[in-house]
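Per-entry structural report
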Amino acid sequence: MASIDVNGLTIDYPVYGVSARNIRSTVANLFLGGTILKNKSDTIFVESLANVSFSLKSGDRLGVIGENGAGKTTLLRAISGFLPPSRGSVTTKGSLASLINVGAGLDPDRTGRENAVIMSLILGARKKDLDAIIVDIIAFAELGAFFDMPVRAYSAGMILRLSFAVSTVIDPNILVLDEGILAGDQHFIGKARDRMDRIYRNTDIIVLSSHSMELIDSVCNKVLLLNRGKVAFLGDVKTGIQLYNDRSYISGHAA
Ligand SMILES: Nc1ncnc2c1ncn2[C@@H]1O[C@H](COP(=O)(O)OP(=O)(O)OP(=O)(O)O)[C@@H](O)[C@H]1O
(Lines give C-alpha, C1' and ligand atoms only; values in the text may rest on other atoms or scores of the structure.)
Protein backbone atom coordinates (compact mmCIF):
# COMPACT_ATOMS: atom_id res chain seq x y z
CA MET A 1 0.00 0.00 0.00
CA ALA A 2 1.47 3.35 -1.02
CA SER A 3 1.05 6.37 1.24
CA ILE A 4 2.24 9.93 1.79
CA ASP A 5 2.15 11.66 5.17
CA VAL A 6 2.99 15.33 5.35
CA ASN A 7 3.05 16.61 8.90
CA GLY A 8 3.53 20.25 9.89
CA LEU A 9 5.80 20.76 6.88
CA THR A 10 7.57 24.11 6.87
CA ILE A 11 10.23 25.05 4.35
CA ASP A 12 12.34 28.18 4.64
CA TYR A 13 14.67 29.06 1.80
CA PRO A 14 17.59 31.20 2.95
CA VAL A 15 18.46 34.02 0.54
CA TYR A 16 22.10 34.91 1.08
CA GLY A 17 23.68 38.13 -0.03
CA VAL A 18 20.60 40.29 0.57
CA SER A 19 20.34 42.49 3.63
CA ALA A 20 16.96 42.87 5.34
CA ARG A 21 17.50 46.63 5.10
CA ASN A 22 17.38 46.34 1.32
CA ILE A 23 13.94 44.74 1.28
CA ARG A 24 12.07 47.97 0.78
CA SER A 25 8.44 47.24 1.39
CA THR A 26 6.47 44.48 3.03
CA VAL A 27 3.36 45.76 1.24
CA ALA A 28 4.67 44.50 -2.10
CA ASN A 29 4.81 41.02 -0.57
CA LEU A 30 1.23 40.94 0.69
CA PHE A 31 -0.36 38.85 -2.07
CA LEU A 32 2.35 36.94 -3.89
CA GLY A 33 4.87 34.30 -2.88
CA GLY A 34 5.99 33.01 0.50
CA THR A 35 6.43 35.21 3.54
CA ILE A 36 9.76 37.04 3.67
CA LEU A 37 11.30 36.69 7.13
CA LYS A 38 14.66 37.55 8.68
CA ASN A 39 16.58 36.05 11.57
CA LYS A 40 18.68 37.78 14.24
CA SER A 41 21.74 37.92 12.02
CA ASP A 42 19.78 39.76 9.32
CA THR A 43 19.63 36.73 6.98
CA ILE A 44 16.56 36.76 4.75
CA PHE A 45 14.37 33.66 4.45
CA VAL A 46 11.41 32.96 2.24
CA GLU A 47 8.94 30.82 4.14
CA SER A 48 7.60 28.95 1.10
CA LEU A 49 5.58 26.36 3.03
CA ALA A 50 4.14 26.94 6.49
CA ASN A 51 2.81 24.09 8.63
CA VAL A 52 1.32 22.04 5.79
CA SER A 53 -0.28 18.71 6.80
CA PHE A 54 -2.19 16.06 4.86
CA SER A 55 -2.19 12.31 4.22
CA LEU A 56 -2.68 10.41 0.97
CA LYS A 57 -3.38 6.74 0.43
CA SER A 58 -3.71 4.44 -2.61
CA GLY A 59 -6.31 5.78 -5.01
CA ASP A 60 -5.70 9.42 -4.14
CA ARG A 61 -5.01 11.80 -7.02
CA LEU A 62 -4.09 15.13 -5.48
CA GLY A 63 -4.13 18.29 -7.56
CA VAL A 64 -1.87 20.98 -6.08
CA ILE A 65 -3.02 24.41 -7.20
CA GLY A 66 -2.35 28.04 -6.31
CA GLU A 67 -1.04 31.25 -7.78
CA ASN A 68 2.59 31.96 -8.72
CA GLY A 69 4.85 31.52 -5.71
CA ALA A 70 2.17 29.75 -3.63
CA GLY A 71 4.55 26.86 -2.84
CA LYS A 72 3.45 24.14 -5.31
CA THR A 73 6.91 23.27 -6.64
CA THR A 74 8.40 23.43 -3.15
CA LEU A 75 5.81 20.93 -1.91
CA LEU A 76 6.44 18.58 -4.85
CA ARG A 77 10.20 18.80 -4.26
CA ALA A 78 9.78 18.03 -0.56
CA ILE A 79 7.53 15.01 -1.26
CA SER A 80 10.09 13.76 -3.79
CA GLY A 81 12.81 13.92 -1.13
CA PHE A 82 14.80 16.63 -2.95
CA LEU A 83 14.33 19.21 -0.21
CA PRO A 84 14.66 18.53 3.53
CA PRO A 85 11.97 20.05 5.77
CA SER A 86 13.00 23.03 7.89
CA ARG A 87 10.37 21.79 10.36
CA GLY A 88 7.85 18.95 10.27
CA SER A 89 8.14 15.77 8.22
CA VAL A 90 7.33 14.01 4.97
CA THR A 91 6.99 10.22 4.94
CA THR A 92 6.36 8.25 1.75
CA LYS A 93 5.80 4.52 1.30
CA GLY A 94 6.18 2.91 -2.13
CA SER A 95 8.34 3.53 -5.19
CA LEU A 96 8.26 7.17 -6.23
CA ALA A 97 8.91 8.74 -9.63
CA SER A 98 9.31 12.47 -9.75
CA LEU A 99 8.91 14.66 -12.82
CA ILE A 100 9.36 18.18 -11.52
CA ASN A 101 12.71 19.59 -12.51
CA VAL A 102 13.68 18.15 -15.82
CA GLY A 103 16.83 16.12 -15.33
CA ALA A 104 16.55 15.81 -11.56
CA GLY A 105 18.20 12.60 -10.49
CA LEU A 106 20.22 12.21 -13.71
CA ASP A 107 23.99 12.06 -13.45
CA PRO A 108 25.35 14.40 -16.17
CA ASP A 109 28.63 12.50 -16.39
CA ARG A 110 26.96 9.19 -17.20
CA THR A 111 25.42 8.24 -20.52
CA GLY A 112 21.70 8.14 -21.12
CA ARG A 113 21.90 4.35 -21.07
CA GLU A 114 23.75 4.24 -17.72
CA ASN A 115 21.30 6.71 -16.20
CA ALA A 116 18.39 4.67 -17.55
CA VAL A 117 19.70 1.50 -15.87
CA ILE A 118 20.37 3.21 -12.53
CA MET A 119 17.03 5.01 -12.40
CA SER A 120 15.06 1.94 -13.47
CA LEU A 121 16.62 -0.04 -10.61
CA ILE A 122 15.86 2.78 -8.16
CA LEU A 123 12.26 2.69 -9.37
CA GLY A 124 12.07 -1.00 -8.54
CA ALA A 125 12.79 -2.69 -11.89
CA ARG A 126 13.81 -6.32 -11.60
CA LYS A 127 17.23 -7.18 -13.07
CA LYS A 128 15.71 -9.80 -15.38
CA ASP A 129 13.39 -7.16 -16.90
CA LEU A 130 16.13 -4.57 -17.46
CA ASP A 131 16.89 -5.43 -21.10
CA ALA A 132 13.23 -5.06 -22.11
CA ILE A 133 12.94 -1.85 -20.09
CA ILE A 134 15.95 -0.29 -21.82
CA VAL A 135 14.53 -1.24 -25.23
CA ASP A 136 11.29 0.52 -24.27
CA ILE A 137 13.19 3.63 -23.07
CA ILE A 138 15.21 3.76 -26.29
CA ALA A 139 12.06 3.51 -28.43
CA PHE A 140 10.18 6.10 -26.40
CA ALA A 141 12.93 8.68 -25.91
CA GLU A 142 14.10 8.51 -29.55
CA LEU A 143 17.55 9.86 -28.69
CA GLY A 144 19.41 7.86 -31.32
CA ALA A 145 23.19 7.79 -30.84
CA PHE A 146 22.89 10.36 -28.03
CA PHE A 147 21.59 7.57 -25.75
CA ASP A 148 25.22 6.45 -25.42
CA MET A 149 26.58 9.96 -24.89
CA PRO A 150 26.99 11.65 -21.47
CA VAL A 151 23.87 13.53 -20.41
CA ARG A 152 25.86 16.77 -20.15
CA ALA A 153 25.94 16.78 -23.97
CA TYR A 154 22.12 16.81 -24.16
CA SER A 155 19.84 19.73 -24.98
CA ALA A 156 17.06 20.62 -22.50
CA GLY A 157 14.48 18.83 -24.64
CA MET A 158 16.68 15.72 -24.88
CA ILE A 159 17.01 15.68 -21.08
CA LEU A 160 13.21 15.87 -20.81
CA ARG A 161 12.89 12.93 -23.24
CA LEU A 162 15.26 10.80 -21.16
CA SER A 163 13.80 11.83 -17.77
CA PHE A 164 10.27 11.24 -18.94
CA ALA A 165 10.97 7.89 -20.62
CA VAL A 166 12.85 6.59 -17.57
CA SER A 167 10.34 7.84 -14.99
CA THR A 168 7.36 6.36 -16.78
CA VAL A 169 8.66 3.07 -18.16
CA ILE A 170 7.49 1.24 -15.03
CA ASP A 171 4.34 2.35 -13.26
CA PRO A 172 5.61 3.74 -9.94
CA ASN A 173 3.51 3.50 -6.75
CA ILE A 174 3.68 7.28 -6.44
CA LEU A 175 4.04 9.80 -9.26
CA VAL A 176 4.89 13.41 -8.45
CA LEU A 177 4.46 15.59 -11.54
CA ASP A 178 4.65 19.26 -12.37
CA GLU A 179 2.65 19.38 -15.57
CA GLY A 180 4.50 22.56 -16.53
CA ILE A 181 7.52 20.51 -17.63
CA LEU A 182 5.51 18.99 -20.47
CA ALA A 183 6.15 21.76 -22.93
CA GLY A 184 8.16 21.93 -26.11
CA ASP A 185 8.50 19.56 -29.05
CA GLN A 186 4.94 18.75 -30.17
CA HIS A 187 5.72 15.23 -31.37
CA PHE A 188 7.25 14.20 -28.06
CA ILE A 189 4.71 16.01 -25.88
CA GLY A 190 1.89 14.24 -27.75
CA LYS A 191 3.50 10.86 -26.99
CA ALA A 192 4.14 11.91 -23.39
CA ARG A 193 0.51 12.89 -22.84
CA ASP A 194 -0.69 9.51 -24.19
CA ARG A 195 1.63 7.75 -21.78
CA MET A 196 0.45 9.93 -18.91
CA ASP A 197 -3.11 8.73 -19.50
CA ARG A 198 -1.91 5.18 -18.75
CA ILE A 199 0.05 6.31 -15.68
CA TYR A 200 -2.89 8.34 -14.35
CA ARG A 201 -4.93 5.12 -14.38
CA ASN A 202 -2.32 2.70 -12.99
CA THR A 203 -0.33 4.62 -10.38
CA ASP A 204 -1.47 4.26 -6.75
CA ILE A 205 -0.98 7.90 -5.75
CA ILE A 206 -0.58 10.95 -7.98
CA VAL A 207 0.48 14.38 -6.85
CA LEU A 208 -0.02 16.71 -9.80
CA SER A 209 0.70 20.41 -9.90
CA SER A 210 -0.76 22.42 -12.76
CA HIS A 211 -2.18 25.80 -13.68
CA SER A 212 -4.66 23.99 -15.96
CA MET A 213 -7.90 23.52 -14.03
CA GLU A 214 -9.15 21.37 -16.93
CA LEU A 215 -6.32 18.88 -16.35
CA ILE A 216 -6.75 18.97 -12.56
CA ASP A 217 -10.47 18.30 -13.00
CA SER A 218 -9.91 15.39 -15.38
CA VAL A 219 -7.15 13.63 -13.38
CA CYS A 220 -7.64 14.44 -9.69
CA ASN A 221 -10.09 13.39 -6.98
CA LYS A 222 -8.77 15.83 -4.33
CA VAL A 223 -7.42 19.35 -4.43
CA LEU A 224 -4.91 21.14 -2.21
CA LEU A 225 -5.12 24.90 -2.72
CA LEU A 226 -2.03 26.73 -1.47
CA ASN A 227 -1.94 30.42 -0.68
CA ARG A 228 1.44 31.90 0.15
CA GLY A 229 2.70 28.58 1.54
CA LYS A 230 -0.37 27.81 3.63
CA VAL A 231 -3.21 25.36 3.02
CA ALA A 232 -6.17 27.50 1.92
CA PHE A 233 -8.33 24.49 1.06
CA LEU A 234 -8.06 20.69 1.02
CA GLY A 235 -10.99 18.74 -0.30
CA ASP A 236 -13.11 18.03 -3.33
CA VAL A 237 -11.98 19.09 -6.76
CA LYS A 238 -14.97 21.21 -7.80
CA THR A 239 -14.90 23.35 -4.65
CA GLY A 240 -11.12 23.78 -4.82
CA ILE A 241 -11.24 24.89 -8.44
CA GLN A 242 -14.12 27.25 -7.77
CA LEU A 243 -12.21 28.88 -4.89
CA TYR A 244 -9.11 29.19 -7.08
CA ASN A 245 -11.06 30.74 -9.93
CA ASP A 246 -13.00 33.30 -7.86
CA ARG A 247 -9.94 34.00 -5.61
CA SER A 248 -12.18 34.37 -2.57
CA TYR A 249 -9.62 32.41 -0.49
CA ILE A 250 -7.17 35.32 -0.78
CA SER A 251 -7.80 37.56 2.22
CA GLY A 252 -8.73 41.08 1.23
CA HIS A 253 -9.68 40.01 -2.28
CA ALA A 254 -13.18 41.04 -3.32
CA ALA A 255 -14.42 38.42 -5.80
N1 LIG B 1 15.72 28.75 -4.21
C2 LIG B 1 14.90 29.61 -3.63
N3 LIG B 1 15.38 30.58 -2.80
C4 LIG B 1 14.56 31.46 -2.19
N5 LIG B 1 13.22 31.47 -2.34
C6 LIG B 1 12.70 30.55 -3.15
C7 LIG B 1 13.48 29.58 -3.85
N8 LIG B 1 12.66 28.79 -4.59
C9 LIG B 1 11.41 29.25 -4.36
N10 LIG B 1 11.43 30.31 -3.50
C11 LIG B 1 10.27 31.06 -3.00
O12 LIG B 1 9.38 30.13 -2.41
C13 LIG B 1 8.04 30.51 -2.69
C14 LIG B 1 7.32 29.34 -3.32
O15 LIG B 1 7.92 29.07 -4.58
P16 LIG B 1 7.45 27.84 -5.49
O17 LIG B 1 8.40 27.73 -6.63
O18 LIG B 1 7.23 26.64 -4.64
O19 LIG B 1 6.02 28.38 -6.00
P20 LIG B 1 5.02 27.80 -7.10
O21 LIG B 1 3.68 27.73 -6.46
O22 LIG B 1 5.57 26.56 -7.71
O23 LIG B 1 5.03 29.00 -8.16
P24 LIG B 1 4.84 29.06 -9.77
O25 LIG B 1 3.39 28.77 -10.07
O26 LIG B 1 5.20 30.48 -10.05
O27 LIG B 1 5.81 28.08 -10.38
C28 LIG B 1 8.10 31.76 -3.57
O29 LIG B 1 7.91 32.93 -2.76
C30 LIG B 1 9.51 31.76 -4.12
O31 LIG B 1 9.97 33.10 -4.25
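Conventions we followed
Residues numbered from 1 in each chain as written. Predicted model: local features only at pLDDT ≥ 70, side-chain atom pairs only at ≥ 80, totals over all residues. Heavy atoms only, no water. Near = heavy atom within 4 Å. Polar contact = N/O pair within 3.5 Å; in protein donor to acceptor, adjacent residues only side chain to side chain. Areas by Shrake-Rupley, 256 points an atom, 1.4 Å probe, with all protein chains shown as cover. Helix = DSSP H or I, 4+ residues; strand = E, 2+ residues; numbered from the N terminus. Axes fitted to C-alpha atoms, helices over the stretch in contact; angles between N-to-C directions. Parallel < 35°, antiparallel > 145°, perpendicular 65-115°, else oblique. Contact = heavy atoms within 4.5 Å. Nonpolar A, V, L, I, M, F, W, Y, C, P; charged D, E, K, R; others polar. Phe/Tyr/Trp six-rings, centres within 6.5 Å; stacked < 30°, edge-to-face > 60°. Buried < 20%, exposed > 50% of the residue type's maximum accessible area, 1.4 Å probe, protein only. Pairing = 2+ DSSP bridges. Salt bridge = Lys/Arg side-chain N within 4 Å of Asp/Glu carboxyl O.

Close to the ligand lie 15 residues; Gly 34, Gly 69, Lys 72, Thr 73 and Thr 74 are nearest. With respect to the ligand, the backbone of Ala 70 contributes an N or O atom lying 3.1 Å from an oxygen atom. The backbone of Gly 71 places a nitrogen or oxygen atom 2.9 Å from an oxygen atom of the ligand. The fraction of the free accessible surface of the ligand (640 Å²) that becomes covered by protein chains is 65%. For the shell around the ligand, the secondary-structure elements that each account for two or more residues are strand E1 (3-19), strand E3 (43-57) and helix H1 (72-79).

What follows is about the packing of helix H3 (residues 130-141) against helix H5 (residues 186-202). Put simply, H3 and H5 touch, their axes get as near as 10 Å, and they point 135 degrees apart. The orientation of H3 relative to H5 falls into the category oblique. Mapping the contact onto sequence places Asp 136, Ala 139 and Phe 140 in H3 and Phe 188, Lys 191, Ala 192 and Arg 195 in H5. Grouping the amino acids of the contact of H3 with H5 by side-chain chemistry returns four nonpolar, no polar and three charged.

This part takes up the packing of aromatic side chains. Tallied over the full model, the rule gives four aromatic pairs. An angle of 20 degrees between the planes, with centres 5.9 Å apart, marks the rings of Phe 140 and Phe 164 as stacked. On the criterion of sequence distance, the pair formed by Phe 140 in helix H3 and Phe 164 in helix H4 (residues 156-168) is long-range, its members being 24 residues apart. The exposure class of Phe 140 is buried, given its relative accessible area of 10%. On the accessibility criterion, Phe 164 (0% relative accessible area) is buried. Measuring from centroid to centroid gives 6.4 Å for Phe 146 and Tyr 154, while their planes differ by 85 degrees, and the two rings are edge-to-face.

Within strand E8 (residues 205-209), five of the five residues are buried, which leaves it mostly tucked inside the rest of the structure. Across the two faces of E8 the burial is the same, with Ile 205, Val 207 and Ser 209 and Ile 206 and Leu 208 all buried. Pairing between strand E4 (residues 61-65) and E8: four bridges, direction parallel. Of the residues in E8, the one forming a bridge with Gly 63 is Leu 208.

So, about unusual backbone geometry. One non-glycine residue, Glu 142, adopts positive backbone phi at about 50 degrees. As for its position among the elements, Glu 142 is in the loop between H3 and H4. Phi at Arg 228 takes a positive value of approximately 50 degrees, unusual for a residue other than glycine. Exposure remark for Arg 228: the relative accessible area of 17% places this residue in the buried category.

What follows deals with the pattern of salt bridges. Enumeration according to the criterion identifies 15 salt bridges in this entry. A salt bridge links Arg 110 to Asp 107, with the shortest nitrogen-to-oxygen separation between them at 3.3 Å. Arg 110 gets classed as partly exposed once you look at its relative accessible area, which sits at 36%. Under the relative-accessibility criterion, Asp 107 is labelled partly exposed at 28%. Between Arg 195 and Asp 136 there is a salt bridge, with its nearest N and O atoms 2.9 Å apart. Residue Arg 195 is located in helix H5, and its partner Asp 136 is located in helix H3; the two are separated by 59 residues in the primary sequence. Judged by relative accessible area, which is 30%, Asp 136 ranks as partly exposed. Each of the salt bridges in this network shares a partner with another, and the network as a whole consists of Glu 142, Arg 161, Asp 185 and Lys 191.

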